[in-house]
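Structural features, examined
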Amino acid sequence: AEADAESKYLSGVGVARQRQAIVNGLRDSIVDFSDGVEGTRPKDVMDLLLLTQYFDMIKEVGSHGAQKTLFLPHGPGSVTELQANLRSGLMNQLDKPLDMKR
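Each residue is numbered by its place in its chain's sequence as written, counting from 1. The model is predicted, so local features are restricted to residues of pLDDT at least 70 and side-chain atom pairs to those at 80 or more, both for listing and for counting; the totals for chains, interfaces and linings are taken over all residues. Hydrogens and water are ignored here; the side-chain numbers use all heavy atoms of the structure.

Details of the overall build of the chain
Worth spelling out the cut-off: Numbering of helices and strands runs from the N terminus; a helix is a DSSP stretch of H or I covering at least four residues, while a strand is a stretch of E covering at least two. Burial classes: relative accessible area under 20% of the type maximum marks a residue as buried, over 50% as exposed, and values in between as partly exposed (1.4 Å probe, protein chains only). By definition in these notes, contact holds between two residues if any of their heavy atoms fall within 4.5 Å. Surface accessibility in these figures is a Shrake-Rupley result with a 1.4 Å probe; residues are shielded only by whichever protein chains are displayed.
Each helix and strand counted, the chain has three helices and zero strands in total. Counted from the first residue to the last, the chain has its helices and strands arranged as α-α-α. Counting only residues that meet the buried cut, the chain has 15% of its 102 residues in that class. Of the contacts made within the chain by residues no fewer than 6 positions apart, 57% connect residues no fewer than 24 positions apart. Looking at the chain as shown, the accessible area adds up to about 8000 Å², and 57% of this sits on carbon and sulfur atoms.

Structure follows, in structure tokens:
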């Protein structure tokens, strides 16, 4: 049981580190793009990244015939709400330190 608990703990640490690396990469991309393209703000870049990810996901889901049904709100207001929720979640995570202690 101890070995199983340790395995699950280490798996969780690995997932947390992976997510932190993704967030750090996104942050670096946003800063690089906003610094490199005059007149853009980090929010503009984040909106573009989120919208691109959203359309990539829709394309991926639609390209596999074996997928189950997936219902997503799809309209201008829905995409804006999705972006706001994702941005809020990302910003909340950026404010938290990564704690790998037990």
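Some remarks on the layout of surface pockets
Gaps left between atoms are located by rolling a probe of water-molecule size over the structure's atoms. Quick reminder of the rule: Using only the protein atoms, space was sampled on a 1 Å grid; points where a 1.4 Å probe fits but cannot get out form cavities, open sets with protein on both sides within 12 Å along at least five of seven lines form pockets, and lining residues are those with an atom within 4 Å of a point. Grid points are joined across faces, edges and corners, and a volume is the space filled by probe spheres set on the points. Side-chain classes follow a simple rule in which Ala, Val, Leu, Ile, Met, Phe, Trp, Tyr, Cys and Pro form the nonpolar group, Asp, Glu, Lys and Arg form the charged group, and the remainder, Gly included, forms the polar group.
Looking at the largest pocket, its volume works out to about 280 Å³. Surrounding the largest pocket, 12 residues form its lining, Leu26, Leu49, Leu50, Gln53 and Leu86 being those nearest its centre. Looking at the lining of the largest pocket, the elements with two or more residues in it are helix 1 (2-36), helix 2 (42-62) and helix 3 (76-95). Along the lines of polarity and charge, the residues of the lining of the largest pocket split into 10 nonpolar, two polar and no charged.

Section: helix 2
Where we set the bar: Expected span of a helix, by definition, is 1.5 Å for each gap between consecutive residues, and there is one gap fewer than residues.
The end-to-end C-alpha distance of helix 2 is 30 Å, a good match for the 30 Å that 21 residues give at a rise of 1.5 Å each. When helix 2 is considered as a whole, its buried residues turn out to be Val45, Met46, Asp47, Leu50 and Tyr54.

Considerations on the environment of Ile30
Here Ile30 shows up in helix 1. For Ile30 and Leu49, which are 19 residues apart along the polypeptide, the C-alpha to C-alpha distance reads 8.5 Å.

A few points about the pattern of salt bridges
Quick reminder of the rule: By definition here, a salt bridge exists when the distance from a side-chain nitrogen of Lys or Arg to a carboxyl oxygen of Asp or Glu is within 4 Å.
All chains considered together, the criterion is met by three salt bridges. With a closest N to O distance of 2.8 Å, Lys43 and Asp47 form a salt bridge. You can see Lys43 and its partner Asp47 sitting in helix 2, four residues apart, about one turn around the helix. Judged by relative accessible area, which is 15%, Asp47 ranks as buried.

Focus on helix 1
Given 3.6 residues per turn, any residue in an α-helix points the same way as the ones three and four places further on. Over its 35 residues, helix 1 extends 51 Å from the first C-alpha to the last, a length consistent with the 51 Å expected when each residue adds 1.5 Å. Taken as a whole, helix 1 has its buried residues at Val13, Gln20, Val23, Ile30 and Ser34.

Observations concerning the packing of helix 1 against helix 2
Quick reminder of the rule: Every axis in this analysis is a line fitted to C-alpha atoms, fitted for helices over the stretch in contact. Angles between the N-to-C directions lie between 0 and 180 degrees. Under this scheme an angle from 65 to 115 degrees is roughly perpendicular, one under 35 degrees roughly parallel, and one over 145 degrees roughly antiparallel; angles in between are oblique. Crossings are classed by handedness, with left-handed meaning an anticlockwise turn of the near helix from the far one by less than a right angle and right-handed meaning a clockwise turn.
Packing of helix 1 against helix 2 leaves a shortest axis separation of 9 Å and a crossing angle of 125°. Put simply, helix 1 runs oblique to helix 2. Remark: the crossing between helix 1 and helix 2 carries right-handed chirality. Across the interface between the two elements, Leu26, Ile30, Phe33 and Ser34 from helix 1 touch Pro42, Val45, Met46 and Leu49 from helix 2.

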